[in-house]
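# Observations on the three-dimensional arrangement
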Amino acid sequence: MSFDYDLFVIGGGSGGVRAARVAAATGAKVALAEEYRMGGTCVIRGCVPKKLMVFASEFPNAIEDAQAYGWDVSSGDFDWTDFRTKMHAELDRLEGIYRRLLDGSSVRAYDARATIKDEHTVTLSTGEDITAKHILIAVGGRPVKPELVNVDLGITSNEIFLLEDLPKSILIIGGGYIACEFAGILNGLGVEVTQYYRGAQILRGFDDEARGLIADQMRDKGVNLHCGTNILEMERRDGKIWTKATNGTEATFDQVMFATGRTPNVEGLGLENVGVNVGRLGEIIVDEYNQTNVPSIYAVGDVTDRVQLTPVAIREAMAFVETVFKGNPTPVDHELIPSAVFTQPEYGAVGLTEEQARDQEPIEVYTSSFRPMQTLFAGREDRVLMKLIVSQATRKVLGVHIVAPQAGEMIQMVGIAVKMGATKEDFDRVCAVHPTMAEELVTMKSPTRTA
Ligand code: FAD
(Lines give C-alpha, C1' and ligand atoms only; values in the text may rest on other atoms or scores of the structure.)
Protein backbone atom coordinates (compact mmCIF):
# COMPACT_ATOMS: atom_id res chain seq x y z
CA MET A 1 0.00 0.00 0.00
CA SER A 2 1.39 3.43 -0.85
CA PHE A 3 0.91 6.49 1.33
CA ASP A 4 1.21 10.24 0.71
CA TYR A 5 3.78 10.44 3.54
CA ASP A 6 5.92 8.16 5.69
CA LEU A 7 5.01 10.27 8.74
CA PHE A 8 2.23 12.72 9.48
CA VAL A 9 2.71 14.73 12.69
CA ILE A 10 -0.28 16.39 14.33
CA GLY A 11 0.88 19.41 16.35
CA GLY A 12 3.75 21.85 15.76
CA GLY A 13 4.96 22.18 19.35
CA SER A 14 8.15 21.05 21.08
CA GLY A 15 7.62 17.33 20.43
CA GLY A 16 5.99 17.51 16.99
CA VAL A 17 8.47 19.85 15.34
CA ARG A 18 11.47 17.90 16.64
CA ALA A 19 10.05 14.55 15.52
CA ALA A 20 9.18 15.89 12.06
CA ARG A 21 12.62 17.41 11.48
CA VAL A 22 14.63 14.47 12.72
CA ALA A 23 12.48 11.93 10.87
CA ALA A 24 12.84 13.94 7.65
CA ALA A 25 16.62 13.94 8.14
CA THR A 26 16.55 10.13 7.80
CA GLY A 27 15.12 10.56 4.29
CA ALA A 28 11.50 9.98 5.30
CA LYS A 29 8.73 11.96 3.62
CA VAL A 30 7.15 13.98 6.42
CA ALA A 31 4.24 16.41 6.86
CA LEU A 32 3.03 18.28 9.94
CA ALA A 33 -0.20 20.13 10.75
CA GLU A 34 -0.42 22.97 13.27
CA GLU A 35 -3.75 24.61 13.98
CA TYR A 36 -2.52 27.70 15.85
CA ARG A 37 1.10 28.85 15.83
CA MET A 38 4.27 26.93 15.07
CA GLY A 39 6.37 26.36 18.18
CA GLY A 40 3.45 25.30 20.36
CA THR A 41 2.91 26.01 24.02
CA CYS A 42 6.56 26.42 24.98
CA VAL A 43 7.37 29.10 22.43
CA ILE A 44 4.05 30.88 22.06
CA ARG A 45 2.36 30.69 25.48
CA GLY A 46 4.55 28.83 27.90
CA CYS A 47 8.23 28.65 28.84
CA VAL A 48 9.59 31.40 26.61
CA PRO A 49 7.19 34.32 27.18
CA LYS A 50 6.95 33.32 30.84
CA LYS A 51 10.72 33.49 31.32
CA LEU A 52 10.81 36.86 29.57
CA MET A 53 8.18 38.04 32.05
CA VAL A 54 10.23 36.64 34.94
CA PHE A 55 13.20 38.69 33.72
CA ALA A 56 11.03 41.81 33.42
CA SER A 57 9.63 41.33 36.90
CA GLU A 58 13.02 41.06 38.59
CA PHE A 59 14.16 44.61 37.81
CA PRO A 60 12.53 46.44 40.75
CA ASN A 61 14.55 44.28 43.18
CA ALA A 62 17.68 44.70 41.10
CA ILE A 63 17.27 48.48 41.18
CA GLU A 64 16.77 48.50 44.94
CA ASP A 65 19.84 46.32 45.32
CA ALA A 66 21.83 48.64 43.05
CA GLN A 67 20.92 51.52 45.37
CA ALA A 68 22.07 49.47 48.34
CA TYR A 69 25.38 48.90 46.55
CA GLY A 70 25.90 52.63 46.16
CA TRP A 71 24.42 53.31 42.72
CA ASP A 72 22.45 56.49 42.26
CA VAL A 73 19.57 54.94 40.32
CA SER A 74 15.84 55.16 40.71
CA SER A 75 13.06 52.99 39.45
CA GLY A 76 10.60 54.43 36.93
CA ASP A 77 7.29 52.95 35.79
CA PHE A 78 6.93 49.68 33.97
CA ASP A 79 5.50 50.06 30.46
CA TRP A 80 3.58 46.84 29.83
CA THR A 81 2.57 47.82 26.29
CA ASP A 82 6.17 48.44 25.29
CA PHE A 83 7.34 45.19 26.90
CA ARG A 84 4.45 43.17 25.46
CA THR A 85 5.17 44.49 21.94
CA LYS A 86 8.82 43.47 22.24
CA MET A 87 7.91 40.10 23.76
CA HIS A 88 5.56 39.30 20.89
CA ALA A 89 8.14 40.43 18.34
CA GLU A 90 10.51 37.90 19.93
CA LEU A 91 7.86 35.16 19.79
CA ASP A 92 7.23 35.99 16.10
CA ARG A 93 10.96 35.70 15.48
CA LEU A 94 11.10 32.30 17.17
CA GLU A 95 8.02 31.07 15.31
CA GLY A 96 9.75 32.10 12.08
CA ILE A 97 12.80 30.05 13.06
CA TYR A 98 10.60 26.99 13.69
CA ARG A 99 8.95 27.41 10.27
CA ARG A 100 12.31 27.79 8.53
CA LEU A 101 13.68 24.72 10.32
CA LEU A 102 10.75 22.67 9.03
CA ASP A 103 11.13 24.12 5.54
CA GLY A 104 14.85 23.51 5.57
CA SER A 105 14.25 19.88 6.54
CA SER A 106 11.75 19.45 3.66
CA VAL A 107 8.85 18.88 6.04
CA ARG A 108 5.56 19.93 4.44
CA ALA A 109 3.82 22.18 6.99
CA TYR A 110 0.05 22.61 6.90
CA ASP A 111 -1.50 25.51 8.81
CA ALA A 112 -4.59 23.52 9.64
CA ARG A 113 -6.27 21.43 12.28
CA ALA A 114 -5.90 17.69 11.72
CA THR A 115 -8.17 14.90 12.90
CA ILE A 116 -7.71 11.17 12.63
CA LYS A 117 -9.97 9.43 10.12
CA ASP A 118 -8.50 5.94 10.17
CA GLU A 119 -5.27 4.15 11.08
CA HIS A 120 -3.42 5.79 8.19
CA THR A 121 -5.49 8.86 7.28
CA VAL A 122 -5.84 12.35 8.71
CA THR A 123 -8.41 14.90 7.62
CA LEU A 124 -7.34 18.54 7.58
CA SER A 125 -9.66 21.44 8.41
CA THR A 126 -9.21 22.43 4.74
CA GLY A 127 -11.18 19.28 3.87
CA GLU A 128 -8.17 17.42 2.47
CA ASP A 129 -7.52 13.77 3.40
CA ILE A 130 -3.87 12.76 3.70
CA THR A 131 -2.49 9.26 4.18
CA ALA A 132 0.66 8.30 6.05
CA LYS A 133 2.38 5.10 7.09
CA HIS A 134 2.79 6.46 10.63
CA ILE A 135 0.85 9.12 12.48
CA LEU A 136 2.41 10.93 15.45
CA ILE A 137 0.06 12.73 17.82
CA ALA A 138 1.84 15.64 19.51
CA VAL A 139 -1.11 17.91 20.25
CA GLY A 140 -0.10 18.92 23.79
CA GLY A 141 -2.57 20.16 26.38
CA ARG A 142 -4.59 23.21 27.34
CA PRO A 143 -5.57 24.95 30.58
CA VAL A 144 -8.80 23.94 32.28
CA LYS A 145 -11.00 26.07 34.49
CA PRO A 146 -13.09 24.69 37.35
CA GLU A 147 -16.87 24.38 37.12
CA LEU A 148 -18.09 27.67 38.53
CA VAL A 149 -20.83 30.12 37.58
CA ASN A 150 -19.32 33.05 35.57
CA VAL A 151 -15.98 31.25 35.29
CA ASP A 152 -15.46 32.89 31.89
CA LEU A 153 -14.84 36.21 33.64
CA GLY A 154 -11.44 34.77 34.51
CA ILE A 155 -8.47 34.17 32.23
CA THR A 156 -5.84 31.40 32.04
CA SER A 157 -2.13 31.38 31.25
CA ASN A 158 -3.09 31.44 27.55
CA GLU A 159 -4.49 34.96 27.85
CA ILE A 160 -2.02 36.43 30.33
CA PHE A 161 0.52 37.10 27.57
CA LEU A 162 -2.08 38.96 25.48
CA LEU A 163 -3.51 41.38 28.07
CA GLU A 164 -4.09 44.88 26.73
CA ASP A 165 -3.29 46.40 30.13
CA LEU A 166 -1.77 45.05 33.29
CA PRO A 167 -4.47 44.82 35.97
CA LYS A 168 -3.96 46.77 39.20
CA SER A 169 -4.99 43.70 41.16
CA ILE A 170 -5.33 40.02 40.33
CA LEU A 171 -6.57 36.89 42.05
CA ILE A 172 -4.67 33.78 40.97
CA ILE A 173 -6.36 30.47 41.67
CA GLY A 174 -4.09 27.44 41.94
CA GLY A 175 -0.97 26.26 43.70
CA GLY A 176 0.96 24.52 40.95
CA TYR A 177 4.11 25.87 39.36
CA ILE A 178 2.29 27.98 36.78
CA ALA A 179 0.14 29.69 39.44
CA CYS A 180 3.14 30.36 41.69
CA GLU A 181 5.36 31.59 38.88
CA PHE A 182 2.75 34.10 37.73
CA ALA A 183 2.12 35.22 41.30
CA GLY A 184 5.81 36.18 41.51
CA ILE A 185 5.93 37.69 38.03
CA LEU A 186 2.88 39.90 38.46
CA ASN A 187 3.89 40.88 41.98
CA GLY A 188 7.27 41.97 40.62
CA LEU A 189 5.58 43.97 37.86
CA GLY A 190 3.67 45.95 40.48
CA VAL A 191 0.30 44.17 40.38
CA GLU A 192 -1.38 43.52 43.75
CA VAL A 193 -1.44 39.72 43.79
CA THR A 194 -3.73 37.51 45.85
CA GLN A 195 -3.40 33.75 45.43
CA TYR A 196 -5.86 31.11 46.62
CA TYR A 197 -4.90 27.46 46.71
CA ARG A 198 -7.30 24.87 48.05
CA GLY A 199 -4.54 22.52 49.32
CA ALA A 200 -2.53 22.91 52.50
CA GLN A 201 0.68 24.03 50.75
CA ILE A 202 1.67 25.23 47.25
CA LEU A 203 3.77 23.20 44.78
CA ARG A 204 2.32 19.79 45.60
CA GLY A 205 4.66 16.96 44.66
CA PHE A 206 7.83 18.93 45.42
CA ASP A 207 9.95 18.73 48.58
CA ASP A 208 8.01 19.95 51.65
CA GLU A 209 10.86 22.00 53.10
CA ALA A 210 11.43 23.78 49.79
CA ARG A 211 7.70 24.39 49.38
CA GLY A 212 7.50 25.96 52.83
CA LEU A 213 10.46 28.25 52.20
CA ILE A 214 9.12 29.38 48.82
CA ALA A 215 5.65 30.07 50.26
CA ASP A 216 7.14 32.12 53.12
CA GLN A 217 9.28 34.17 50.78
CA MET A 218 6.46 34.72 48.29
CA ARG A 219 4.48 36.17 51.20
CA ASP A 220 7.46 38.27 52.36
CA LYS A 221 7.79 39.70 48.86
CA GLY A 222 4.15 40.78 48.87
CA VAL A 223 2.04 37.95 47.45
CA ASN A 224 -1.12 37.65 49.50
CA LEU A 225 -1.08 33.84 49.51
CA HIS A 226 -3.91 31.88 51.14
CA CYS A 227 -3.68 28.10 51.26
CA GLY A 228 -6.70 26.00 52.19
CA THR A 229 -8.81 28.56 50.32
CA ASN A 230 -10.72 28.37 47.04
CA ILE A 231 -13.00 30.58 45.03
CA LEU A 232 -16.69 29.92 45.59
CA GLU A 233 -18.48 32.63 43.62
CA MET A 234 -17.59 35.33 41.12
CA GLU A 235 -19.51 38.00 39.24
CA ARG A 236 -18.94 41.24 37.36
CA ARG A 237 -19.58 44.28 39.58
CA ASP A 238 -18.81 47.87 38.52
CA GLY A 239 -16.31 46.79 35.87
CA LYS A 240 -14.39 44.61 38.33
CA ILE A 241 -14.70 41.00 39.41
CA TRP A 242 -16.29 40.40 42.80
CA THR A 243 -15.36 37.11 44.42
CA LYS A 244 -16.33 35.13 47.47
CA ALA A 245 -13.90 32.59 48.88
CA THR A 246 -14.53 29.35 50.74
CA ASN A 247 -13.35 31.05 53.95
CA GLY A 248 -16.10 33.66 53.55
CA THR A 249 -13.81 36.49 52.37
CA GLU A 250 -15.39 38.79 49.80
CA ALA A 251 -12.95 40.74 47.63
CA THR A 252 -12.90 42.56 44.30
CA PHE A 253 -10.17 42.27 41.70
CA ASP A 254 -9.44 43.72 38.26
CA GLN A 255 -8.61 40.28 36.95
CA VAL A 256 -8.89 36.63 37.99
CA MET A 257 -6.55 34.00 36.57
CA PHE A 258 -7.22 30.28 36.81
CA ALA A 259 -4.10 28.13 36.90
CA THR A 260 -6.05 25.08 37.89
CA GLY A 261 -4.49 22.40 35.74
CA ARG A 262 -4.14 21.30 32.14
CA THR A 263 -5.87 18.63 30.10
CA PRO A 264 -4.73 16.71 27.00
CA ASN A 265 -5.91 18.23 23.69
CA VAL A 266 -7.78 15.15 22.51
CA GLU A 267 -11.30 16.52 22.14
CA GLY A 268 -12.54 16.06 18.58
CA LEU A 269 -9.24 14.51 17.50
CA GLY A 270 -10.97 11.42 16.11
CA LEU A 271 -9.31 8.94 18.49
CA GLU A 272 -12.59 7.06 18.73
CA ASN A 273 -12.53 6.47 14.94
CA VAL A 274 -9.56 4.16 15.41
CA GLY A 275 -9.97 3.09 19.04
CA VAL A 276 -6.80 4.67 20.49
CA ASN A 277 -6.78 3.94 24.24
CA VAL A 278 -6.90 6.92 26.57
CA GLY A 279 -6.62 7.21 30.35
CA ARG A 280 -8.94 8.73 32.91
CA LEU A 281 -8.03 12.33 32.02
CA GLY A 282 -8.05 11.70 28.27
CA GLU A 283 -4.28 11.25 28.09
CA ILE A 284 -3.15 8.97 25.28
CA ILE A 285 -1.76 5.71 26.62
CA VAL A 286 1.52 4.68 25.01
CA ASP A 287 4.14 2.02 25.68
CA GLU A 288 7.79 2.77 26.43
CA TYR A 289 8.34 3.30 22.67
CA ASN A 290 5.59 5.94 22.46
CA GLN A 291 3.35 3.57 20.51
CA THR A 292 -0.41 3.49 21.12
CA ASN A 293 -2.52 0.35 20.95
CA VAL A 294 -3.04 1.15 17.22
CA PRO A 295 0.31 0.10 15.70
CA SER A 296 0.56 2.90 13.10
CA ILE A 297 -0.21 5.64 15.67
CA TYR A 298 2.30 7.05 18.17
CA ALA A 299 2.08 9.93 20.68
CA VAL A 300 4.63 12.11 22.48
CA GLY A 301 4.64 15.09 24.80
CA ASP A 302 2.04 16.56 27.09
CA VAL A 303 -0.82 14.67 25.44
CA THR A 304 0.55 11.48 27.02
CA ASP A 305 0.68 13.13 30.47
CA ARG A 306 3.92 11.51 31.57
CA VAL A 307 6.19 14.44 32.50
CA GLN A 308 4.87 17.71 31.11
CA LEU A 309 8.07 19.55 30.25
CA THR A 310 9.52 20.73 26.95
CA PRO A 311 12.82 18.82 27.12
CA VAL A 312 10.88 15.65 27.92
CA ALA A 313 8.60 16.09 24.87
CA ILE A 314 11.74 16.59 22.78
CA ARG A 315 13.42 13.46 24.13
CA GLU A 316 10.28 11.41 23.52
CA ALA A 317 10.22 12.73 19.94
CA MET A 318 13.87 11.75 19.41
CA ALA A 319 13.26 8.29 20.88
CA PHE A 320 10.26 7.85 18.55
CA VAL A 321 12.36 8.67 15.48
CA GLU A 322 15.21 6.45 16.66
CA THR A 323 12.76 3.57 17.11
CA VAL A 324 10.61 3.95 14.02
CA PHE A 325 12.91 5.54 11.42
CA LYS A 326 16.35 4.34 12.50
CA GLY A 327 15.43 0.77 13.44
CA ASN A 328 16.89 1.19 16.93
CA PRO A 329 14.16 0.57 19.52
CA THR A 330 14.75 3.27 22.14
CA PRO A 331 12.68 3.55 25.31
CA VAL A 332 12.31 6.95 26.93
CA ASP A 333 14.16 7.41 30.20
CA HIS A 334 11.90 9.34 32.58
CA GLU A 335 14.12 8.86 35.64
CA LEU A 336 15.90 11.70 37.45
CA ILE A 337 14.66 14.58 35.30
CA PRO A 338 15.97 17.87 36.70
CA SER A 339 13.49 20.73 36.65
CA ALA A 340 13.15 24.33 37.70
CA VAL A 341 10.28 26.36 39.04
CA PHE A 342 10.73 30.04 38.22
CA THR A 343 9.13 31.29 41.38
CA GLN A 344 10.73 34.14 43.27
CA PRO A 345 12.78 32.60 44.89
CA GLU A 346 13.63 30.13 42.15
CA TYR A 347 13.60 26.39 42.84
CA GLY A 348 15.58 23.60 41.19
CA ALA A 349 15.00 19.94 41.96
CA VAL A 350 16.23 16.56 40.82
CA GLY A 351 15.39 13.12 42.15
CA LEU A 352 13.36 12.25 45.21
CA THR A 353 11.85 14.58 47.75
CA GLU A 354 12.69 13.91 51.40
CA GLU A 355 9.17 12.52 51.87
CA GLN A 356 9.44 10.13 48.89
CA ALA A 357 12.95 9.01 49.83
CA ARG A 358 12.17 8.21 53.49
CA ASP A 359 9.19 6.12 52.36
CA GLN A 360 11.57 4.15 50.19
CA GLU A 361 14.58 3.53 52.44
CA PRO A 362 16.62 4.89 55.39
CA ILE A 363 18.14 8.25 54.44
CA GLU A 364 20.36 11.05 55.65
CA VAL A 365 19.27 14.62 54.96
CA TYR A 366 21.85 17.38 54.62
CA THR A 367 20.58 20.94 54.62
CA SER A 368 22.07 24.38 54.63
CA SER A 369 19.85 27.43 54.83
CA PHE A 370 21.41 30.87 54.87
CA ARG A 371 21.15 34.48 53.70
CA PRO A 372 23.24 34.77 50.53
CA MET A 373 26.00 37.34 50.41
CA GLN A 374 24.63 39.38 47.53
CA THR A 375 21.19 40.13 48.96
CA LEU A 376 22.32 40.14 52.60
CA PHE A 377 24.59 43.09 51.76
CA ALA A 378 21.59 44.85 50.19
CA GLY A 379 19.64 44.33 53.42
CA ARG A 380 17.25 41.71 52.09
CA GLU A 381 15.90 38.87 54.20
CA ASP A 382 16.04 36.37 51.28
CA ARG A 383 17.09 32.87 52.34
CA VAL A 384 18.64 30.11 50.29
CA LEU A 385 18.16 26.37 50.82
CA MET A 386 20.61 23.70 49.69
CA LYS A 387 19.48 20.17 50.43
CA LEU A 388 20.86 16.73 49.68
CA ILE A 389 19.02 13.49 50.35
CA VAL A 390 21.36 10.53 50.67
CA SER A 391 20.70 6.79 50.82
CA GLN A 392 22.14 5.31 54.03
CA ALA A 393 22.67 1.96 52.31
CA THR A 394 24.27 2.94 48.98
CA ARG A 395 25.42 6.51 49.89
CA LYS A 396 23.90 7.63 46.56
CA VAL A 397 22.48 11.14 46.39
CA LEU A 398 18.81 10.42 45.79
CA GLY A 399 17.62 14.00 45.55
CA VAL A 400 18.88 17.57 45.43
CA HIS A 401 16.71 20.61 46.18
CA ILE A 402 17.91 24.16 45.73
CA VAL A 403 15.93 27.29 46.53
CA ALA A 404 18.12 30.18 45.42
CA PRO A 405 18.66 32.77 42.71
CA GLN A 406 19.69 30.85 39.55
CA ALA A 407 18.62 27.52 41.09
CA GLY A 408 17.57 26.35 37.61
CA GLU A 409 21.09 26.85 36.30
CA MET A 410 22.59 25.04 39.32
CA ILE A 411 20.27 22.03 39.20
CA GLN A 412 21.11 21.45 35.53
CA MET A 413 24.73 20.87 36.57
CA VAL A 414 24.04 18.85 39.72
CA GLY A 415 21.60 16.77 37.68
CA ILE A 416 24.55 15.31 35.76
CA ALA A 417 26.18 14.02 38.93
CA VAL A 418 22.93 12.63 40.30
CA LYS A 419 22.12 10.92 36.98
CA MET A 420 25.60 9.37 37.03
CA GLY A 421 24.79 7.88 40.44
CA ALA A 422 27.14 10.08 42.49
CA THR A 423 27.42 9.31 46.20
CA LYS A 424 27.64 11.83 49.02
CA GLU A 425 31.36 11.03 49.21
CA ASP A 426 31.71 11.86 45.47
CA PHE A 427 30.18 15.26 46.22
CA ASP A 428 32.56 15.68 49.17
CA ARG A 429 35.59 14.92 46.97
CA VAL A 430 34.82 17.97 44.83
CA CYS A 431 36.57 21.16 45.88
CA ALA A 432 34.29 24.11 46.64
CA VAL A 433 34.06 27.12 44.35
CA HIS A 434 34.31 30.10 46.66
CA PRO A 435 32.51 32.39 47.27
CA THR A 436 29.37 30.94 45.73
CA MET A 437 26.03 29.68 47.04
CA ALA A 438 26.46 26.30 45.37
CA GLU A 439 29.65 25.53 47.32
CA GLU A 440 27.36 24.43 50.16
CA LEU A 441 26.49 21.39 48.03
CA VAL A 442 29.99 19.99 48.53
CA THR A 443 30.72 21.27 52.05
CA MET A 444 27.84 19.92 54.15
CA LYS A 445 29.60 17.65 56.65
CA SER A 446 27.00 16.21 59.04
CA PRO A 447 23.44 15.21 58.32
CA THR A 448 20.77 17.58 59.67
CA ARG A 449 18.62 14.53 60.34
CA THR A 450 18.21 10.88 59.47
CA ALA A 451 14.94 9.22 58.66
P1 FAD B 1 2.68 21.70 22.71
O2 FAD B 1 3.93 22.48 22.78
O3 FAD B 1 1.52 22.15 23.51
O4 FAD B 1 2.28 21.66 21.18
C5 FAD B 1 1.07 21.11 20.72
C6 FAD B 1 0.64 21.84 19.49
O7 FAD B 1 -0.39 21.10 18.83
C8 FAD B 1 0.04 23.22 19.77
O9 FAD B 1 0.74 24.19 19.03
C10 FAD B 1 -1.42 23.10 19.33
O11 FAD B 1 -1.90 24.31 18.73
C12 FAD B 1 -1.33 22.00 18.27
N13 FAD B 1 -2.56 21.25 18.07
C14 FAD B 1 -3.41 20.76 19.01
N15 FAD B 1 -4.40 20.03 18.43
C16 FAD B 1 -4.15 20.07 17.09
C17 FAD B 1 -4.80 19.49 15.96
N18 FAD B 1 -5.88 18.70 16.10
N19 FAD B 1 -4.32 19.76 14.72
C20 FAD B 1 -3.21 20.55 14.56
N21 FAD B 1 -2.56 21.10 15.61
C22 FAD B 1 -3.00 20.85 16.85
N23 FAD B 1 8.09 23.37 30.30
C24 FAD B 1 9.39 23.46 30.65
O25 FAD B 1 10.17 22.54 30.36
N26 FAD B 1 9.88 24.57 31.29
C27 FAD B 1 9.08 25.63 31.59
O28 FAD B 1 9.54 26.62 32.16
C29 FAD B 1 7.71 25.57 31.23
N30 FAD B 1 6.88 26.61 31.48
C31 FAD B 1 5.57 26.55 31.08
C32 FAD B 1 4.75 27.64 31.34
C33 FAD B 1 3.44 27.61 30.97
C34 FAD B 1 2.55 28.81 31.25
C35 FAD B 1 2.90 26.46 30.32
C36 FAD B 1 1.46 26.41 29.90
C37 FAD B 1 3.72 25.37 30.05
C38 FAD B 1 5.06 25.41 30.42
N39 FAD B 1 5.91 24.33 30.20
C40 FAD B 1 7.24 24.40 30.57
C41 FAD B 1 5.42 23.07 29.59
C42 FAD B 1 5.78 22.98 28.11
O43 FAD B 1 5.32 24.13 27.45
C44 FAD B 1 5.15 21.73 27.50
O45 FAD B 1 5.57 20.60 28.25
C46 FAD B 1 5.56 21.51 26.06
O47 FAD B 1 5.21 22.61 25.26
C48 FAD B 1 4.90 20.24 25.52
O49 FAD B 1 5.18 20.09 24.15
P50 FAD B 1 4.18 19.27 23.23
O51 FAD B 1 4.88 19.13 21.91
O52 FAD B 1 3.71 18.05 23.90
O53 FAD B 1 2.87 20.18 23.07
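The structure reproduced in this document is the subject of the present report. (Residues numbered from 1 in each chain as written. Predicted model: local features only at pLDDT ≥ 70, side-chain atom pairs only at ≥ 80, totals over all residues. Heavy atoms only, no water.)

## Details of the overall build of the chain
For the chain, the helix and strand inventory stands at 14 helices and 22 strands. Relative to a compact globule of 451 residues, whose C-alpha radius of gyration would be 22 Å, the chain shows 24 Å and is just as compact. Along the first, second and third principal axes, the C-alpha atoms of the chain reach 70 × 65 × 45 Å. Residues classed as buried in the chain amount to 50% of the 451 residues present. Contacts in the chain between residues far apart in sequence, at least 24 positions, make up 63% of those at least 6 positions apart. When the accessible surface of the chain is split by element, carbon and sulfur atoms take 50% of a total near 21,000 Å². (Helix = DSSP H or I, 4+ residues; strand = E, 2+ residues; numbered from the N terminus. Rg over C-alpha atoms; globule rule 2.2 N^0.38 Å. Buried < 20%, exposed > 50% of the residue type's maximum accessible area, 1.4 Å probe, protein only. Contact = heavy atoms within 4.5 Å. Areas by Shrake-Rupley, 256 points an atom, 1.4 Å probe, with all protein chains shown as cover.)

## Here we look at the sheet that holds strand β14 (residues 255-258)
Paired through their backbone hydrogen bonds, the strands of a sheet run either parallel or antiparallel. Strand order in the open sheet formed by 4 strands is β10-β9-β8-β14, and the pairing between neighbours is parallel. Sheet topology places β10 (224-227) and β14 at the edges, where each strand pairs with a single neighbour. Neighbour to neighbour, the strand axes of the sheet diverge by 15 degrees on average, direction disregarded. Direction of pairing for strand β8 (residues 169-173) relative to β14: parallel, over a ladder of 4 bridges. For isoleucine 173, the partnering residue across the bridge sits in β14 and is phenylalanine 258. (Pairing = 2+ DSSP bridges. Axes fitted to C-alpha atoms, helices over the stretch in contact; angles between N-to-C directions.)

## Some thoughts on the nonpolar core
Met53, Ile160, Ile172 and Ile202 are the most contacted members of the largest nonpolar core, which has 39 residues in total. Ranked by residues supplied to this core, first place goes to helix α7 (residues 177-188) with 6 residues. Excluding anything up to four places from it in sequence, isoleucine 160 contacts Trp80, Ile155, Ile170, Phe182, Leu186 and Met257. In this structure, Phe8, Ile116, Leu124 and Ile135 belong to the second largest nonpolar core, which totals 27 residues. (Core = buried A, V, L, I, M, F, W, Y, C linked by side-chain atoms within 4.5 Å.)

## As for the site of the ligand
Near the ligand lie 38 residues; those nearest to it are Gly15, Glu34, Thr41, Lys50 and Asp302. Serine 14 places a polar main-chain atom, nitrogen or oxygen, 3.3 Å from an oxygen atom of the ligand. Within the backbone of threonine 310, an N or O atom sits 3.0 Å from an oxygen atom of the ligand. In the complex, 96% of the free accessible area of the ligand, which totals 1,000 Å², lies under the protein chains. Taken together, the elements giving at least two residues each to the shell around the ligand come down to α1 (14-25), α2 (40-45), α3 (47-57), α7 and α10 (310-325). With 4 residues, α2 is the single largest residue contributor to the shell around the ligand. Along the lines of polarity and charge, the residues of the shell around the ligand split into 16 nonpolar, 14 polar and 8 charged. (Near = heavy atom within 4 Å. Polar contact = N/O pair within 3.5 Å; in protein donor to acceptor, adjacent residues only side chain to side chain. Nonpolar A, V, L, I, M, F, W, Y, C, P; charged D, E, K, R; others polar.)

## Quick look at the packing of aromatic side chains
Per the counting criterion, the structure on display carries 8 aromatic pairs. Each ring, one from tryptophan 80 and one from phenylalanine 83, has its centre 6.0 Å from the other, and the planes form 45 degrees; the classification is tilted. Note that tryptophan 80 and phenylalanine 83 are positioned in helix α5 (residues 80-104) at a spacing of 3 residues, about one turn of the helix. Taking relative accessible area as the criterion, tryptophan 80 reaches 5% and is therefore assigned buried. Aromatic rings pair up to connect Phe78, Trp80 and Phe83 into one cluster. Sitting over the ring of tyrosine 5, lysine 29 keeps its end group 5.1 Å from the ring centre. Above the ring of tyrosine 110, the side-chain terminus of arginine 108 is found at 4.2 Å from the ring centroid. (Phe/Tyr/Trp six-rings, centres within 6.5 Å; stacked < 30°, edge-to-face > 60°. Lys NZ or Arg CZ within 6 Å of the ring centre and 35° of its normal.)

## Quick notes on the pattern of salt bridges
A full pass over the atoms with the stated rule returns 32 salt bridges. Among the ionic pairs, aspartate 152 bridges to lysine 145, the shortest N-O distance being 3.6 Å. A relative accessible area of 30% means that lysine 145 is categorised as partly exposed. Here arginine 358 makes a salt bridge to glutamate 354, at a shortest N to O gap of 4.0 Å. Of this pair, arginine 358 and glutamate 354 both sit in helix α11 (residues 354-360), 4 residues apart, which is roughly one turn of that helix. Via salt bridges that share partners, Asp207, Glu209, Glu354, Arg358, Lys387 and Arg449 belong to a single interconnected network. (Salt bridge = Lys/Arg side-chain N within 4 Å of Asp/Glu carboxyl O.)

## Considerations on the sheet that holds strand β11 (residues 231-237)
Overall, antiparallel pairing links the 3 strands, which are arranged β11-β12-β13 in an open sheet. If you trace the sheet from one side to the other, it starts and ends with β11 and β13 (250-253), each paired once. Taken pair by pair, the neighbouring strands of this sheet meet at an average axis angle of 25 degrees, ignoring direction. When strand β12 (residues 240-245) meets β13, the two strands line up antiparallel, connected through 4 bridges. Its bridge partner being in β13, isoleucine 241 is matched across the sheet by phenylalanine 253.

## Remarks on the side chain of threonine 229
Structurally, the position occupied by threonine 229 is in the loop between β10 and β11. On the basis of relative accessibility, which here comes to 3%, the residue threonine 229 falls in the buried class. Within polar-contact distance, the side chain of threonine 229 engages the backbone oxygen of cysteine 227 at 3.0 Å. Ignoring any residue separated from it by four or fewer positions in sequence, one finds threonine 229 in contact with Tyr196, Tyr197, Arg198, Ala245, Thr246 and Asn247.

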